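Per-entry structural report
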Amino acid sequence: MNVLSAIAAPETLAPLLHVLSRNRFLPAPPPSLIFCGDGDFRAIGAEFLGHFVARGGLAPHERVLDIGCGIGRMAVPLTQYLDESGSYDGVDIVADGIGWCREAITPVYPNFAFHHLDLAHPLYNPEGSLPTTSARLPFADESFDFICMISLLTHLDMMEVGHYAREAARLLAPGGRCFATAFLMNPPARAALEAGGGALAFDPSAPGPVWYADPAAPSAAVAFDEDTLLDLFLRAGLRRRPGAEYGHWSGRPTPVFQDLCVFERG
Ligand SMILES: C[S@@+](CC[C@H](N)C(=O)[O-])C[C@H]1O[C@@H](n2cnc3c(N)ncnc32)[C@H](O)[C@@H]1O
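Here the structure is a predicted model, which means the values were calculated and not measured. (Residues numbered from 1 in each chain as written. Predicted model: local features only at pLDDT ≥ 70, side-chain atom pairs only at ≥ 80, totals over all residues. Heavy atoms only, no water.)

1. Brief notes about the pattern of salt bridges
As a working rule, side chains carrying opposite charge can pair if their charged atoms are close by. To be explicit about the condition: The term salt bridge refers to a pairing of a side-chain nitrogen on Lys or Arg with a carboxyl oxygen on Asp or Glu at a separation within 4 Å. Each helix is a run of H or I in the DSSP string that is no shorter than four residues. Each strand is a run of E no shorter than two, and both are numbered from the N terminus.
Enumeration according to the criterion identifies ten salt bridges in this entry. The closest approach of N and O atoms between Arg 235 and Asp 231, which form a salt bridge, is 3.0 Å. Of the two residues, Arg 235 and Asp 231 are both situated in helix 8 (residues 226-236); the distance of four residues between them amounts to about one turn of the helix. Overlapping salt bridges, with partners in common, bring together Arg 136, Asp 141, Glu 167 and Arg 170 in one network.

Structure (C-alpha cells):
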C-alpha cells in the first residue's frame, strides 16, 4: 500500500481533510473572482473530497471529470489526492473561472486540465452561443471513472439535466460513478419545508415536478421531484446507489446542505 492508498482508507481520510481545509499554501481565488458558492472555499472543497472518497469510492489513480467546475473548489483538494496516474478534467461555461484554474493549477499539476464551454445560461453565461442540450462534451466515450456535478443540477432545467445524465453515461467507463448534488423534492422535504425550516423559498404546495426558489430568477435554485430526476438518470443508463444523503436545504436536521447522490453505470 502506498501513501495515497493509505490516505484513501476511511480512518486516515479525516486528517487529510482537516489539513486541506486549513492549508493556506494551497491556491484559492481572490474573493472578488469567486462567482459561485458561499462559505469557506477550502473547507467546502475538503468536505466534498471526503464525500467523493467515502461515498463515491474515488481512488487516487482514477480519471475524474468535473462538470460545472466553477473556479476550482473541487479541483484544488483533488490535487492533493489524485496521483500521477490519475487525472482531472474540469469543464465550465464561465471563462474567468477556467482562466484562474488554468493559471493557478495546471502549471503545477499538468494532469489537471480545464475546458471552457460557451454554453448559454441565464445567470452564469447569458451571452453563451449554444444551448447546453446541444453540447457534446469534448471527450471520447468511457474516458472517466468518476464524474462530479456539484451544485450544477440545482441551476439547470429538466432537459439540461437529462442531457448531462446521458453525457455522464456516455463518458463513464464500466464501474464508473457519477456523484451529483441536487435539491430532491420528496415527502420528507415537503414536510420540512411546510414546517418552515427551509433555507430556500421553494413552495412545497406547488405540484412540480420542478420548483424554483425565486420564480423571477428560475435558474438561481431549482428543485426536482426525486423520482423524476432519478428516472432521467435511469433512462440514461445510470442507477442511483442506495443510501442517498439528504441535506438541510429543506429544513431537515442533517449535516450536508444539498442532497448527495451517487449513480453508477449499469
Ligand atoms: C454553484 S456553481 C458550482 C461550481 C462548482 N461545482 C463548485 O461547487 O464550486 C455552478 C456552476 O455550474 C456552472 N454551469 C452552469 N450551467 C452549466 C452548463 N450548462 N454546463 C457546465 N457548467 C455549467 C456555472 O458556470 C457554475 O460554475
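2. Some words on the site of the ligand
Spelled out, the test is: By convention in these notes, a residue is near a molecule or strand provided one of its non-hydrogen atoms lies within 4 Å of it. Any pair of nitrogen or oxygen atoms within 3.5 Å is treated as a polar contact; in protein, a donor-acceptor pairing is required on top of that, and neighbouring residues in sequence qualify only through side-chain atoms on both sides. In these tables, accessible area is a Shrake-Rupley quantity obtained with a 1.4 Å probe, and a residue counts as shielded only by the protein chains included in the view. Side-chain classes follow a simple rule in which Ala, Val, Leu, Ile, Met, Phe, Trp, Tyr, Cys and Pro form the nonpolar group, Asp, Glu, Lys and Arg form the charged group, and the remainder, Gly included, forms the polar group.
Surrounding the ligand, one finds 19 residues, the nearest of these being Gly 68, Arg 73, Asp 92, Thr 132 and Tyr 164. Within the backbone of Gly 68, one N or O atom sits 2.7 Å away from a nitrogen atom of the ligand. A distance of 2.7 Å is found between a nitrogen atom of the ligand and a side-chain nitrogen or oxygen belonging to Thr 132. With the chains in place, 99% of the 590 Å² that the ligand exposes on its own is no longer accessible. Grouping the amino acids of the shell around the ligand by side-chain chemistry returns eleven nonpolar, six polar and two charged.

3. With respect to the nonpolar core
Heads up, the condition is: We call a set of buried residues a nonpolar core when its members are Ala, Val, Leu, Ile, Met, Phe, Trp, Tyr or Cys and they connect through side-chain atoms within 4.5 Å of each other. Summary of the burial criterion: residues with accessible area below 20% of their type's maximum are buried, those above 50% are exposed, and those between are partly exposed, where the area comes from a 1.4 Å probe applied to protein chains only. Here a residue-residue contact requires only that any non-hydrogen atoms of the pair lie within 4.5 Å.
Membership of the largest hydrophobic core comes to 37 residues, with the highest contact counts inside it found for Ile 147 and Met 149. When contributions to this core are tallied by element, the ones reaching two or more residues are strand 1 (63-67), strand 4 (144-149), helix 6 (158-171), strand 5 (172-185), strand 7 (222-225), helix 8 and strand 9 (259-265). Sort the elements by how many residues they give to this core and helix 6 lands first, with six residues. With near-sequence residues (within four places) excluded, Ile 147 lies in contact with Leu 65, Ile 67, Ala 168, Leu 171, Leu 172, Arg 177, Cys 178 and Phe 179. Grouped together as the second largest cluster of nonpolar side chains are 36 residues, Leu 26, Met 74, Cys 148 and Leu 260 included.

4. Describing the packing of aromatic side chains
Let me state the cut-off plainly: Aromatic pairs are defined between Phe, Tyr and Trp rings, using the six-membered ring for Trp, whenever the two ring centres lie within 6.5 Å; interplanar angles under 30 degrees are classed as stacked, those over 60 as edge-to-face, and all others as tilted.
Under the defined criterion, the tally for this structure stands at 13 aromatic pairs. Between Phe 183 and Trp 249 the ring centres are 5.2 Å apart and the planes differ by 50°, which places this aromatic pair in the tilted class. Of the two residues, Phe 183 is situated in strand 5 and Trp 249 in the loop between strand 8 (238-240) and strand 9; the sequence distance between them amounts to 66 residues. An aromatic cluster of at least three residues, connected via ring pairs, comprises Phe 48, Phe 52, Phe 146 and Phe 179.

5. Describing helix 3 (residues 41-54)
Test applied: Under the convention used throughout, the expected extent of a helix is 1.5 Å for every residue step, that is, one less than its residue count.
Between the first and last C-alpha of helix 3 there are 20 Å, a value that for 14 residues agrees with the 20 Å anticipated at 1.5 Å per step. With ten of its 14 residues buried, helix 3 lies for the most part within the structure. Within the span of helix 3, buried status applies to Phe 41, Ile 44, Gly 45, Ala 46, Phe 48, Leu 49, Gly 50, His 51, Phe 52 and Val 53. The opening residue of helix 3 is Asp 40, an N-cap whose side-chain oxygen sits 3.0 Å from the backbone nitrogen of Arg 42.

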